[in-house]
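# Structural overview for review
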Amino acid sequence: MIQVTKRDGRKQEFNSEKIVSSLEKCGLDELKSKTIALQVINELATDNNYEIEHIQNVVEKFLRKENKELQKK
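My aim in this report is to walk through the structure given alongside it, one point at a time. (Residues numbered from 1 in each chain as written. Predicted model: local features only at pLDDT ≥ 70, side-chain atom pairs only at ≥ 80, totals over all residues. Heavy atoms only, no water.)

## Topic: the overall build of the protein
Rules: Working definition: helices are DSSP H or I runs of at least four residues, strands are E runs of at least two. Numbering for both runs from the N terminus. Atoms counted for the radius of gyration: C-alpha only. Globule rule: 2.2 Å times residue count to the power 0.38. Classification of residues uses two cut-offs on accessible area relative to the type maximum, computed with a 1.4 Å probe and protein chains only: under 20% is buried, over 50% is exposed, and between them is partly exposed. Whether two residues are in contact is decided by their heavy atoms: any pair within 4.5 Å suffices. Where accessible areas are quoted, they stem from the Shrake-Rupley method and a 1.4 Å probe; at the residue level, only the protein chains shown are allowed to cover. The charge count treats Lys and Arg as positive and Asp and Glu as negative. His and the chain ends do not count. Note that the charge is assigned to NZ on lysines, CZ on arginines, CG on aspartates and CD on glutamates.
Each helix and strand counted, the protein has 4 helices and 3 strands in total. When the helices and strands of the protein are listed from N to C terminus, the series reads β-β-α-α-β-α-α. Its C-alpha radius of gyration of 12 Å places the protein within 12% of the 11 Å reference for a compact globule of 73 residues. The principal-axis extents of the C-alpha atoms in the protein amount to approximately 30 × 20 × 15 Å. The proportion of buried residues among the 73 residues of the protein is 29%. Counting contacts in the protein only where the partners sit at least 6 residues apart, residues at least 24 apart contribute 47% of the total. When the accessible surface of the protein is summed, it comes to about 5000 Å², and 48% of that surface belongs to carbon and sulfur atoms. Positive and negative side-chain charges of the protein, numbering 14 and 13 respectively, have mean locations separated by a distance of 3 Å.

## Section: the nonpolar core
Note the following rule: In plain words, nonpolar cores are sets of buried Ala, Val, Leu, Ile, Met, Phe, Trp, Tyr and Cys residues tied together by side-chain atoms within 4.5 Å.
The biggest cluster of nonpolar side chains holds 17 residues, and the ones touching the most others in it are Phe14, Ile19, Leu23, Ile36, Val40, Leu44 and Ile55. Of all the elements in the fold, those that place two or more residues in this core are α1 (16–25), α2 (30–44) and α3 (52–66). At 5 residues, α3 tops the list of elements feeding residues into this core. With sequence-adjacent residues up to four places away left out, Phe14 is seen in contact with Ile2, Val4, Ile19, Ile41, Leu44 and Ile55.

Dropping the structure here:
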């Protein structure tokens, strides 16, 4: 189980649906959003606790590969 350390120090369980939802709000379709979320999960599988900023950077890395204009949103 992957834990996320929020900016205020609280810890909570990682929820990939939050990534999917954010990417869809940026304009990606559901399939692309879920694909990127899965790539993020695979990259995060090496540890069980991450700072929210690290997860955001990983999402941006995969989004940049998909669409540089959307990455700015």
